[in-house]
Every structure is written in structure tokens, then in C-alpha cells.
Amino acid sequence: MRGAPSVRYPVRRSVFLARSLALVWLVGFFALAWAWQGPNWRWGLGAPALLLAGAAAVWFWVRMPEGDLIWEGGVWHGPDDMLVHDAPVVRLDGQRWMLVQLRPNPPDARSLSRWLWLEATADPPAWAALRHALFARAQRGSTDAGVVHD
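Being a predicted model, the structure only gives us computed values, none of them experimental. (Residues numbered from 1 in each chain as written. Predicted model: local features only at pLDDT ≥ 70, side-chain atom pairs only at ≥ 80, totals over all residues. Heavy atoms only, no water.)

**Q** Account for the side chain of Gln101, naming residues and giving values.
**A** Mapped onto the elements, Gln101 comes out in strand S6 (residues 97-102). Taking the relative accessible area as the measure of exposure, Gln101 reaches 10% and is therefore buried. Separated by 2.7 Å, the side chains of Gln101 and Arg91 make a polar contact. Here Ser113 takes part through its side chain, which lies 2.9 Å from a polar atom of the side chain of Gln101. (Helix = DSSP H or I, 4+ residues; strand = E, 2+ residues; numbered from the N terminus. Buried < 20%, exposed > 50% of the residue type's maximum accessible area, 1.4 Å probe, protein only. Polar contact = N/O pair within 3.5 Å; in protein donor to acceptor, adjacent residues only side chain to side chain.)

**Q** Residue-level account of the pattern of salt bridges, with values.
**A** Taken as a whole, this structure holds three salt bridges when the rule is applied. Two residues, Arg13 and Glu66, come together in a salt bridge whose shortest N-O distance is 3.5 Å. Residue Arg13 is found in the loop between strand S1 (7-11) and helix H1 (15-34), and its partner Glu66 is found in the loop between helix H2 (41-62) and strand S2 (67-71); the two are separated by 53 residues along the sequence. With a relative accessible area of 31%, Arg13 lands in the partly exposed category. For Glu66, a relative accessible area of 34% gives the class partly exposed. (Salt bridge = Lys/Arg side-chain N within 4 Å of Asp/Glu carboxyl O.)

Spelled out as C-alpha cells, the structure:
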């Protein structure tokens, strides 16, 4: 990751993400309500599935780590002083937001990946440096630059 500057970027729970998850859940709720034709087996499966999906969305959002994502020129540190194995992997890139997967170091079967939702609004001046550090991995002389391998 030669050339990527050191960066410290704040990681917070996103109101935008919470609203997006709520919107998706509401679409499911209205689809289920529209399909209501009295109690039947479809509604009996749909209602618990909708409740589980809502609970999973809330659980995901509440458990999102908060703190700082730090690149020190050779090592990544995640929120809660988590030492990151390899480099964070950008799973979704919306230019002004990113969904990033962190793998703990040392990797083992008991360690779960952590997911971060990063937004440019958290620290606009540092956003470009963070993106540079995250994407520099794919540019270090690889013929398939831009493709992230697991």
C-alpha cells in the first residue's frame, strides 16, 4: 500500500443506514399487508419472517462497532482497538459511503468479521485519504487492479 497516507477515520452508527433498513422493512410490511386475505399459511409464514428480518436489522445496526478506523502505513486497526488481519475489504462502494468488512487478527474460526458502514459526512477532509488507503491494496502492481481477492 505504498503511497497511502496514514489516516484516522471516525466510525459511527449511520442514521442513513438505519432509515434505509427501516424503509426496506416497511416495504415488506406493506407487501404482506397488501397480500392479506385472512389467515392462511402464506401469511402465517410471512409475518414471522418479517418480524425476524426486522429484529436482524435492528441487531445488525445496534452491534455495529464505533470508534476509529486507523491506517498507520503498514497496519490497520479497527474500532475498539481491533487489530485487522490483512486489509479491510470494501464490499459495497457508493462513492460517498462504503460497506467494509474487517477480519480480526489473528484469524481463527471463533473470530467473526466486523462490518463497518462508512460515510463521507463523518469526516469530509479525511474521506479521500481513507479511500486511497482502502483501494491502494488493489493497485500494488497487480494485473487485475481493482479486483479484491479474499
